[in-house]
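# Working through the structure, step by step
Residue strings, one per chain:
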Amino acid sequence: QIFALADGRSRDGKLDFREFVCMVHLVTCVLRGARLNPQGLEPQLQQALMQLEPLELLASEREASRSRSASPIPPVATEEVPQTQVFS
């Protein structure tokens, strides 16, 4: 039932990005005790799913953030740490 609701309009047996996000949301809701509406998705959820940025855009933004130069590593203190004396 969850897969059928998430597969939504396409009903092709495969989940695109928005359908996958929908399925994860529905599973989370059910695990938290919510009951699914067998008639279909709530209009608010449908609207939120349509406003998701495309997967390709999210992937390209992530790749761009990875390609930025790394922050310089702060120098490590080179002071010697005093050794404690062990008594037998």
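On a predicted model such as this, the values are computed, not experimentally measured, just so you know.

## With respect to the layout of surface pockets
Roughly 350 Å³ of volume is contained in the largest pocket. Together, 18 residues line the largest pocket, and Ala6, Gly8, Arg9, Glu19 and Leu41 are the ones closest to its centre. Per-class residue counts for the lining of the largest pocket are 8 nonpolar, 5 polar and 5 charged. The wall of the second largest pocket is formed by Leu5, His25, Leu26, Cys29, Ala34, Arg35, Leu36, Asn37, Gly40, Leu41, Glu42 and Leu45. Tallying contributions element by element places helix 2 (residues 17–31) first for the lining of the second largest pocket, with 3 residues. A breakdown of the residues in the lining of the second largest pocket according to their chemical character gives 7 nonpolar, 3 polar and 2 charged.

## Considerations on the nonpolar core
Counting residues in hydrophobic clusters, the biggest one holds 7 residues: Leu5, Ala6, Cys22, Leu26, Leu41, Leu45 and Leu49. Those residues in contact with Leu49 that sit more than four places away from it in its chain are Arg18, Val21, Cys22 and Leu41.

## Thoughts on the environment of Leu15
Within the fold, Leu15 resides in the loop between helix 1 (2–7) and helix 2. On the accessibility criterion, Leu15 (27% relative accessible area) is partly exposed. For Leu15 and Phe3, which are 12 residues apart along the polypeptide, the C-alpha to C-alpha distance reads 8.6 Å. Setting aside residues up to four positions removed in sequence, Leu15 forms contacts with Phe3, Ala6, Asp7, Phe20 and Met23.

## Focus: the packing of helix 2 against helix 3 (residues 43–50)
Between helix 2 and helix 3, the least distance of the axes is 10 Å, while the angle of their chain directions is 140°. In terms of axis orientation, helix 2 runs oblique to helix 3. Two packed elements cross with a definite hand, and for helix 2 against helix 3 that hand is right-handed. On helix 3, the residues that touch Arg18, Val21, Cys22, His25 and Leu26 of helix 2 are Leu45, Leu49 and Met50.

Criteria and cut-off values
Residues numbered from 1 in each chain as written. Predicted model: local features only at pLDDT ≥ 70, side-chain atom pairs only at ≥ 80, totals over all residues. Heavy atoms only, no water. 1 Å grid on protein atoms, 1.4 Å probe; cavity = no way out; pocket = protein on both sides within 12 Å on 5 of 7 lines; lining within 4 Å. Points joined across faces, edges and corners; volume = space filled by probe spheres on them. Nonpolar A, V, L, I, M, F, W, Y, C, P; charged D, E, K, R; others polar. Helix = DSSP H or I, 4+ residues; strand = E, 2+ residues; numbered from the N terminus. Core = buried A, V, L, I, M, F, W, Y, C linked by side-chain atoms within 4.5 Å. Buried < 20%, exposed > 50% of the residue type's maximum accessible area, 1.4 Å probe, protein only. Contact = heavy atoms within 4.5 Å. Axes fitted to C-alpha atoms, helices over the stretch in contact; angles between N-to-C directions. Parallel < 35°, antiparallel > 145°, perpendicular 65-115°, else oblique. Left-handed = near helix turned anticlockwise from the far one by under 90°.

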